Amino acid sequence: MTKPTLPQGTRDFGPAVVRKRSYILQTIRTVFELYGFQPLETPAMENLETLMGKYGEEGDKLIFKILNNGLDNKDKEAQIRTDFEKVLEGKNVKGITERALKYDLTIPFARYVAMNHAQLSFPFKRYQVQPVWRADRPQKGRYREFYQCDADVVGSRSLLNETELALIYHEVFNRLGLTGYDLRINHRQVLAALSEVCGGAGQLTNITVAIAKLDKIGIEKVKEELSARGLTTDQVSIIEQYLGIKGSNEEILSGLEKIVGHTEAGKTGIDEMRTVLEQLKDQQLNIQTDPTLARGLNYYTGLIFEAKAPATVSIGSIGGGGRYDDLTGLFGVKDIPGVGISFGVDRIYDVLEELQLFPKDLQISTRVLFFNLGAAESKKAFELAQLLRAKGISAELYHEATKFDKQFKYAEKKNIPYVIIIGEKELQNNNCNIKNLLTGIQETVRNTALIQFPFK
RNA sequence: GUGGUUAUAGCUCAGUUGGUUAGAGCAUCAGAUUGUGGUUCUGAGGGUCGCCGGUUCGAGCCCGGUUAGCCACCCCA
């Protein structure tokens, strides 16, 4: 017998952890529902070609592929050998692998919309809470299997959607007690305009990758990287100017206007951000425009979001999203624009843990433990436990008659707030002793009055 | 995917230049206590030193490989 282990980057979730995770998930689901989103689930696996090419070159490498069954079929051996040669060259071949684990929830959603657009009524607002898989190297806050919680609206170009999604972030983080969250926005068109001003749309990726690192490596290193990626001194100096924009949201937008406001794309981007900020004006969100924000996924075309944990926690991004104008176009259905956001539950968990923001009573499941003091006593206890259960109060009867010490310790470990003791005396008198383990207060109650007792 | 680092009891960790039988605290179990827990006291169980191989008379310690955690890069939730 070898010791069992878990695959790299995966985890088991024990009872206490599951409770905390579902507290987060329930909070998010509730807010999604509050804003009119409807649930959707899609399979763990998709056809490989549904996923390939949707997440950029790096993303493709991180997709978990599933080996086909039946590769040992002798009749097909020759074909399988030639196919496998292609795999060794880094190609994907249907004969070897045609399915993959889903990498995010957005592309499967786009696939769903493309397949069902004739039946759906638009705008279609859906939320989805499911695990996704990435063949990334694990670190703290980075796993190979993790949950995403997405909300997307498709079939509407209205910026009201962006506004409401920002409010959802605000509402969820506030409900979780994460009031110090940091929500940033930027616009793909502004980034596109910047690269246009800097000598051609071909530079977009080079520029966004470099400026996204500003926080981490500083302006000098960013300039070095831009030069290394082939930008001229003039172009680098425009970007330096762009990165130097600071101040309030309005100050940042005016700053952007000076650099990219004369371009069509730049104007659109700035106007849209301004509209959304205007709509949010009275809502007290911690929202700020951040010209360095550049989300990696290459399907975003409009406003983009990123939610970060409070600065005191070293976890970084806990959510992100943005507008994509033609996601279903990838699957042959044109003109269905969309916008969506995502919450990273696993990271939010780590943040709440670090800041000790989980409610204390999450771990209370059983409210009442009946002590077991013998055959006749436990028969009565069982009867009363059934009464409480029928009233919706979760109750347990200790599984065997043993000394008090053990039964108390069981209650303590399971965080059970009340124990009920029925012994020989109580059995005769038709009453029972209810002890509150938190306060230590014990009182005697008639059995007929037990169901009225407030087990708070 | 690249580089670095760590792995000893259920948990947190000691373990000397390689040397007989690998230790502590907490936790667990039993007793002091036959109807009232959290404190205290006494005792007990528990380890193929992540795994595989090598060097050596001898390896927890040295070397190689492998698996997993962590860190940086890349990227990302």
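None of these values were measured; they are calculated from a predicted model.

1. Details of the overall build of chain A
In terms of regular secondary structure, chain A is built from 16 helices and 16 strands. The globule rule puts the C-alpha radius of gyration for 456 residues at 23 Å, and the 29 Å found for chain A is more than 25% above it. Its C-alpha atoms give chain A principal-axis dimensions of roughly 95 × 70 × 45 Å. The buried share of chain A, taken over its 456 residues, is 48%.

2. What about the protein's contact with RNA strand B?
With respect to spatial proximity, 40 residues lie near RNA strand B, and among them K140, R142, R295, R347 and E424 are the closest. Of all RNA strand B atoms lying within 4 Å of any protein atom, the proportion belonging to sugar or phosphate reaches 47%. E424 is positioned with one of its backbone polar atoms (N or O) 2.5 Å from a base oxygen of RNA strand B. In this structure, E426 approaches RNA strand B through a side-chain N or O atom, which is 2.8 Å from a base nitrogen. Secondary structure elements with two or more residues in the surface near RNA strand B: β6 (145-154), β10 (317-324), α15 (404-413), α16 (424-429) and β15 (431-436). No other element matches α15, which puts 7 residues into the surface near RNA strand B. Considered class by class, the residues forming the surface near RNA strand B number 9 nonpolar, 11 polar and 20 charged.

3. Topic: the nonpolar core
Across soluble globular proteins, nonpolar side chains have a tendency to be buried as a group. Residues I24, I168 and F343 are the most contacted members of the largest nonpolar core, which totals 98 residues. In terms of residue count, the dominant contributor to this core is helix α6 (residues 160-175) (7 residues). For I168, the contacting residues outside a window of four places in its chain are V31, F32, Y35, F37, I341 and F343. In terms of nonpolar packing, the next biggest core, distinct from the first, is built from 17 residues, V368, A381, A385 and Y418 among them.

4. Examining the packing of aromatic side chains
With the rule as written, the count across this model stands at 22 aromatic pairs. Here F32 and Y127 contribute two aromatic rings whose centre-to-centre distance is 5.5 Å and whose plane-to-plane angle is 45°, an arrangement assigned as tilted. Of this pair, F32 sits in helix α1 (residues 15-34) while Y127 sits in strand β5 (residues 124-133), and the two are 95 residues apart along the sequence. There is no split in this pair, since F32 and Y127 are both buried. Residues F173 and Y181 carry aromatic rings whose centres are separated by 5.2 Å and whose planes lie at 35° to one another, so their mutual orientation is tilted.

5. Thoughts on the layout of surface pockets
Size it by volume and the second largest pocket reaches roughly 190 Å³. I245, K246, D290, P291 and T292 are, among the 14 residues lining the second largest pocket, the residues nearest its centre. Of all the secondary structure elements, the ones that give two or more residues to the lining of the second largest pocket are α9 (214-228), α10 (233-243) and β8 (287-289). In the lining of the second largest pocket, the residues fall into 6 nonpolar, 4 polar and 4 charged.

6. Brief notes about the environment of K223
By secondary structure assignment, the location of K223 is in helix α9. For the pair K223 and L256, spaced 33 residues apart in sequence, the C-alpha separation works out to 19 Å. Those residues in contact with K223 that lie beyond four places of it in its chain are V236 and E240. At 3.2 Å, the side chain of K223 forms a polar contact with the side chain of E240.

Rules used in this analysis
- Residues numbered from 1 in each chain as written.
- Chains lettered and ligands numbered in written order.
- Predicted model: local features only at pLDDT ≥ 70, side-chain atom pairs only at ≥ 80, totals over all residues.
- Heavy atoms only, no water.
- Helix = DSSP H or I, 4+ residues; strand = E, 2+ residues; numbered from the N terminus.
- Rg over C-alpha atoms; globule rule 2.2 N^0.38 Å.
- Buried < 20%, exposed > 50% of the residue type's maximum accessible area, 1.4 Å probe, protein only.
- Near = heavy atom within 4 Å.
- Polar contact = N/O pair within 3.5 Å; in protein donor to acceptor, adjacent residues only side chain to side chain.
- Nonpolar A, V, L, I, M, F, W, Y, C, P; charged D, E, K, R; others polar.
- Core = buried A, V, L, I, M, F, W, Y, C linked by side-chain atoms within 4.5 Å.
- Contact = heavy atoms within 4.5 Å.
- Phe/Tyr/Trp six-rings, centres within 6.5 Å; stacked < 30°, edge-to-face > 60°.
- 1 Å grid on protein atoms, 1.4 Å probe; cavity = no way out; pocket = protein on both sides within 12 Å on 5 of 7 lines; lining within 4 Å.
- Points joined across faces, edges and corners; volume = space filled by probe spheres on them.

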